[in-house]
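# Breakdown of the fold
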Amino acid sequence: MRRLYFFVMSLSLLLSSVSAQVPANSPLGNVEKVTANHATYTFFTTNGKAQVIVYSPNVIRIRIDKQNFAPDFSYAVVANPVSCAVKTTNSADTYTIATDSLTLRITKKPLRFTFLTKDGKIINADDPAFGTSWLGEEVTTYKTLQKGERFIGLGEHGGNLDRAGTACVNYNTDNPGYDNSSDRMYSTIPFYIGLHDKLAYGIFMDNSSRSLFNFGAGNNRFSSFTADCGEMNYYFIYNATVRNIITSYTWLTGRTPLPPIWSLGFQQCRWSYFPEADLLSTAAKFRERHIPIDMIYLDIHYMDKYKIFTWDPQRFPDPKQMVDNLKKMAMHLAVIIDPGVKISDHYPVYQQGLDSALFIKYPDGTNYAGQVWPGWCNFPDFTMPKTRAWWGRWVKTYADLGITGFWNDMNEIAVWGKEVPDLLNLNWDGHHTTYRQAKNVYGFQMARSTYEGAKKYMNGERPFVLTRSGYSGLQRYSAIWTGDNQAKEDHMLLGVRLINSLGLSGVTFAGMDIGGFSGNPTQSLYTRWMEIGAFLPMYRAHTSYGTNREEPWDFGEISEDIARRYIGFRYQLLPYIYSNFYESSQDGLPVARSLAIDYANDSTIYEVDYQQEYLFGPSILVAPTKSTDALTKVYLPKGQWYDLFNDKPYAGNQSIIAESGLNQLPLYVKAGSIIPMQKLVESTAYSSGDTLFVHLWAGTEKNQYQYYEDDGTTYHYQNGNFYKRMIQYDPQNATLAFDKKEGSFATKYHVITLVLHGFTPDEVKGLTVNGNAESVSKEQIRFFTSHFIFADYGPFDTKNVLTTSFPNSDNEITVHW
């Protein structure tokens, strides 16, 4: 018996020891005290504290920690709380905070948050058992899954448009060859939008450490978001529509400034164009073949042994003359700049960084070294203001040559061996932290450093900055692309979804490597990809070292002609595209708009067959499809639609079978749309003539479109030197009204040609402009034009429209019929 007693006791002690090693879920506990200071409410609990800060009537911030809050600092958030009406009530069990838009009900035993509409409907609620709690340093907020809840956004992650039932890790990673199931990508945007019961909300967790978002993966009880360390810090956004939630999120984190208009043209890149003769001859071929283009890139082979801010003296002996030669061809140059600075005693970039202590360090004060293209490198600490200023001065060396495009790569940080130690120390703008917290922000701050330097030293001209890695707020400084994709049909469609997801997450200026970075596309795949690219915010073709050449003429005459036509159509659309970028700079709405923005409650848009469809701007529906599909299913949401190629009308709320042969990407225009266009040009530096073509598609509902114009290259618009006017269509009163223009900029378009689609001659008989009769002509137009017309085949045939022209005026213009 004694032996049995000792055995049982020993086993009990062993099990107790094992149990003690398992980290227990540590809850926040019950509320013990509440304090209020203006619109900030602090809840002291048994195991920590929570803070509620009302940022606006529809944006509420929640901070939760086990200890005193750290100093409030964020690279992402640029907004400050605004004064608004707030009502509170306090009882033994609950505390409520109500604004004009929503009510936050806080239970005290234990502390839990429930967000409600003004009429009492649950928008979002903590899981009643778990709320926010810790496992060691890891902090998680658990939210009750609502019936039928969908989740969209979260930036650059593969998978479906609706992320319900999946989980995503945010940990910026160099992930070449990623696929649809990859959850670790190049950038982190921890913001998503939830949808249920015709309600919409957004949650932005501003914690830059590694995070996990679980949207009901492996359970049917809760969604959750987890940060590896630090406080739970999230912003809850409520609004009636997805578009307004995006506007509120970008109010918090900033919006994309107007890019230079030339960056919206076609861009050609490969790893790599070298020597100089290869670059210049490629550029010349675009001009000789009348393929519109505005920018060409240099990858790492332009450098001297891959050292940043250097030039290979044999391959590129005279960079200034080379840039000048490109300028004569009306072409801009972008160069790649990686973060790694080669450790070399006779290298000025390294020596300056070393002498000024600008590199990331180990805790013992020695510089961290990682191996990349130049060999062993140190890495600038871009979270230190003096490093950002120093980096900007090196960017100036490129700007002084006339370079206007700056391409930041490898900034996750990517090193051979893949791993960068978490214990590294970074300045964090004087707040000091480790790489564990800084990793996801590193590329964002590199892009910021590049942008700020370029802006400072480009003599008032706007730069173009492109980054591979980033964090929420990156849109204030840079465009982004979706990294090292593959030359596959599925990857082409995945890229569309990634760009649309970035758009849902506040990032307007996004693109992918057209044609695929790795591998060699077939003729049909390249052709289809070039067609889709014409309707993306950023239009850049790029491919890897060792692949076949992938300029448009490398795929045969027909593919070259199709590419030329689609690129050309994009250039005709530049007044529309640029106006849409202006809108985005004001309200944060993306240029490539997932259908979930305007049709969030339409379940069909989430189906696998239709989830990559999107609107290019407010008017053009793009239905991406594989190049191997001669016919494809297209879903047209509610409303009326026209086939872009032939103006055939369609009712909405239906799926149709569309032709999608090699030269025909399915494209549709929403009825009532107003789309400004210009004549075909081969560079934004060339004159687009004096006529603005305003295309109007007949509809039954009112619509308006804000047209915007400025010089396209400087910041003078910030001082009022712009041209802006609202164009309003009223079908019931048969009018199209141009409001009086705003701003001091003189438009380059002195004539307006109104192009009417879907109207009959009888409908516009007696058309007047400001009361004066104007003639209306029947004309044949072709959107997709080409200098080399092999045949008027398929969708490139002409179509019949009605047109009238009249002088442009800064004053109101009313067209009536």
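Structure's up top.
Quick summary incoming for the structure in this document. Values in this document were obtained by computation on a predicted structure and should not be read as measured data.

Rules used in this analysis
Residues numbered from 1 in each chain as written. Predicted model: local features only at pLDDT ≥ 70, side-chain atom pairs only at ≥ 80, totals over all residues. Heavy atoms only, no water. Helix = DSSP H or I, 4+ residues; strand = E, 2+ residues; numbered from the N terminus. Buried < 20%, exposed > 50% of the residue type's maximum accessible area, 1.4 Å probe, protein only. Contact = heavy atoms within 4.5 Å. Areas by Shrake-Rupley, 256 points an atom, 1.4 Å probe, with all protein chains shown as cover. Lys, Arg positive; Asp, Glu negative; His and termini not counted. Charge placed at Lys NZ, Arg CZ, Asp CG, Glu CD. Phe/Tyr/Trp six-rings, centres within 6.5 Å; stacked < 30°, edge-to-face > 60°. Lys NZ or Arg CZ within 6 Å of the ring centre and 35° of its normal. Core = buried A, V, L, I, M, F, W, Y, C linked by side-chain atoms within 4.5 Å. Salt bridge = Lys/Arg side-chain N within 4 Å of Asp/Glu carboxyl O.

## What about the overall build of the protein chain?
The helix and strand inventory of the protein chain stands at eleven helices and 54 strands. With the C-alpha coordinates of the protein chain rotated into their principal frame, the extents come out at 105 × 70 × 55 Å. Expressed as a percentage of its 817 residues, the buried residues of the protein chain come to 62%. Within the protein chain, residue pairs in contact and separated by at least 24 positions form 70% of the contacts whose partners lie at least 6 positions apart. Per element, the accessible surface of the protein chain, about 29800 Å² overall, is 50% carbon and sulfur. Here the protein chain contributes 74 positive and 81 negative side-chain charges, whose respective centroids are spaced 6 Å apart.

## Comments concerning the packing of aromatic side chains
Taken as a whole, this structure holds 69 aromatic pairs when the rule is applied. With a centroid separation of 6.1 Å and 55 degrees between ring planes, the pair formed by Phe535 and Phe569 is classed as tilted. Of the two residues, Phe535 is situated in the loop between helix H9 (523-533) and strand S35 (539-541) and Phe569 in helix H10 (residues 557-572); the sequence distance between them amounts to 34 residues. Look at Phe535 and you get buried, because its relative accessible area is 0%. Site record: aromatic cluster; members linked through ring pairs are Tyr302, Phe309, Trp311, Phe316, Tyr350, Phe359, Phe382, Trp390, Trp391, Trp394, Tyr398 and Tyr442. Over the face of the ring belonging to Phe44 we find Lys33, whose NZ or CZ atom lies 4.6 Å from the ring centre. Lys455 extends its terminal NZ or CZ atom over the ring of Tyr715, reaching a point 4.8 Å from the ring centre.

## Observations regarding the nonpolar core
Side chains of nonpolar character tend, in soluble globular proteins, to be buried together. By size, the foremost hydrophobic cluster in this structure holds 218 residues, and its most contacted members are Leu298, Trp311, Leu333, Phe535, Leu667, Leu736 and Trp817. A per-element tally of this core places helix H7 (residues 435-457) first, with nine residues. Not counting residues up to four positions away in its chain, the partners in contact with Leu298 are Tyr273, Leu279, Trp311, Phe316, Met322, Leu333, Ala334, Val335, Ile336 and Trp407. In terms of nonpolar packing, the next biggest core, distinct from the first, is built from 37 residues, Val54, Cys168, Phe213 and Met232 among them.

## Overview of the pattern of salt bridges
All chains considered together, the criterion is met by 34 salt bridges. We note a salt bridge from Asp228 to Arg210, for which the minimum N-O separation is 3.5 Å. You can see Asp228 sitting in the loop between strand S19 (222-227) and strand S20 (232-239) and its partner Arg210 sitting in the loop between strand S17 (199-205) and strand S18 (211-214), a full 18 residues away along the chain. Judged by relative accessible area, which is 24%, Arg210 ranks as partly exposed. One connected set of salt bridges, linked through shared partners, spans Asp174, Asp409, Glu412, Arg468 and Asp484.

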